Amino acid sequence: MVLYNYVTQEQLAGFDKYKYSAVDTNPLSVYVMHPFWNCVVKFLPTWLAPNLITFTGFMLLVLNFVMLSYFDFDFTASSAGHVHVPSWVWVAAGIFNFLAYTLDGVDGKQARRTNSSTPLGELFDHGLDSWTCVFFVATVYSIFGRGESGVGVVTLYYILWVVLFSFILSHWEKYNTGILFLPWGYDMSLVTISLVYLVTAVVGVETWYQPMLFHFLYRDLFTFMIIACSFTVTLPMSLYNILKAYRNNTLKHSSLYEALLPFLSPVLLFFLSTIWVLFSPSDILNLQPRIFYLMVGTAFANLTCKLIVCQMSNTRCQPLNWLLLPMVTVVVVAVTGVFPNETLLLFLWTTAVILAHIHYGVSVVQQLSGHFNIFAFSLKKPSSD
């Protein structure tokens, strides 16, 4: 039984007409990873459902997040004078991260190999990818932490937003052009971070204390690479692809308002969460950075998933996500001190956001599974009875 019909009849009709269109020009992906994934997929049993591969990869990144949460909940373990994360954890994190990346690369190939490609598979894949952004960033943060040689929690908060907006840019492009231009930064960052986890296990976090050049620390390279990649590669390429579509008269939305509509809810989410950070009576981001990042990342994933549904079904993006309405109340209550225990308020709101997002995801998967008469995690066909 479907929990709730989040996908409209108009969107279901759009999914029936949907054809996957993507462009991947990243040399690492094209010349290294795709040949590797083509070899890996041959070892997978043909009864294994692609969505199960996707979900397994996602859960490996969640496991990394949970594992580092246990050993470094407040991001201080890598600081001098603190008990460091055991080396075996970094080894596990590196392996899980690369396995997750590999599974994310082979799920589509498995779908084509077993002739089981459906719009649900793409939505499931990209929807989970939108949620992994926060797990990926928060787990990487534990390498440097927030000590003297680390990154401040406020700085990491803005870095997280750079990553989130870089992710949504690709789907904004597709919303306007009908083509998904896969970002270069994704492949490079996942391979690099997997290696950094393994290197950290061998050399220890103390290695990152030392300047790599003059007074330039490794944490500065970490920050610079993320921001530079976003503003010198991802954003310019997105704008170029939009401009190219405009010149070729292939833009799906001629109105500037309609074209920029998908950014309204994410910008409002950024505004609300930043107001909370800046005016928090108890400095909530300093007290509970991991939970705050999780709340922001999950809420953002919910906004992104709804955009992905719209761009895949060729329907209009809704200006405002309903999840932001109660968040206005939560932020007002928090910054005015009406609710005295701000940490408890954050935990309660984060729990509500996670449950709301899971409910949305399960409902959409059930609805599309019923519409296409398939099982989400099995290649068997449902009974016609």
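Predicted, not measured: the structure shown is a model, and the values here were computed from it.

Criteria and cut-off values
- Residues numbered from 1 in each chain as written.
- Predicted model: local features only at pLDDT ≥ 70, side-chain atom pairs only at ≥ 80, totals over all residues.
- Heavy atoms only, no water.
- Helix = DSSP H or I, 4+ residues; strand = E, 2+ residues; numbered from the N terminus.
- Buried < 20%, exposed > 50% of the residue type's maximum accessible area, 1.4 Å probe, protein only.
- Expected span 1.5 Å × (residues − 1).
- Arc of directions from axis to C-beta.
- Contact = heavy atoms within 4.5 Å.
- Core = buried A, V, L, I, M, F, W, Y, C linked by side-chain atoms within 4.5 Å.
- Axes fitted to C-alpha atoms, helices over the stretch in contact; angles between N-to-C directions.
- Parallel < 35°, antiparallel > 145°, perpendicular 65-115°, else oblique.
- Nonpolar A, V, L, I, M, F, W, Y, C, P; charged D, E, K, R; others polar.

(A) Summary view of the environment of Val66. Counting through the fold element by element, Val66 comes out in helix α3 (residues 50-71). For Val66, a relative accessible area of 45% puts it in the partly exposed group. Each C-alpha atom, one on Val66 and one on Phe135, is 9.0 Å from the other, the two residues being 69 residues apart in sequence.

(B) Layout of helix α13 (residues 324-336). For α13, built from 13 residues, the straight-helix expectation of 18 Å at 1.5 Å per residue is met to within 8% by its first-to-last C-alpha distance of 18 Å. All of the buried residues in α13 are Leu324, Met327, Val330, Val331 and Ala334. Buried residues of α13, seen end-on, are gathered within an arc of 105° and therefore sit on one face of the element. More than 90 degrees from the buried face of α13, the exposed residues found are Leu325 and Thr336. Its buried side turned inward, α13 meets α10 (264-279), α12 (289-313) and α14 (342-372). One or two steps after α13, the chain reaches Gly337, where phi turns positive at roughly 75°.

(C) Molecular detail of the nonpolar core. Counting 107 residues, the largest nonpolar core has Trp276, Phe292, Tyr293 and Met295 as the members making the most contacts within it. Dropping the residues within four chain positions of it, Trp276 is found in contact with Ile284, Phe292, Met295, Val330, Val331, Ala334, Val335, Glu342, Leu345, Leu346 and Trp349.

(D) The arrangement of the environment of Gly81 in detail. One can find Gly81 in the loop between α3 and α4 (87-113). With relative accessibility at 83%, the residue Gly81 sits in the exposed group. Residues Gly81 and Gly147, spaced 66 residues apart in sequence, show a C-alpha to C-alpha distance of 9.8 Å.

(E) Expanded view of the packing of α13 against α14. Relative to each other, α13 and α14 sit at 170°, their axes nearing to 10 Å. On the basis of their axis angle, the class for α13 and α14 is roughly antiparallel. Residue-level inspection shows Pro326, Met327, Val330, Val333 and Ala334 of α13 in contact with α14, the latter providing Glu342, Leu345 and Trp349. Considering only residue class, the contact of α13 with α14 consists of seven nonpolar, no polar and one charged.

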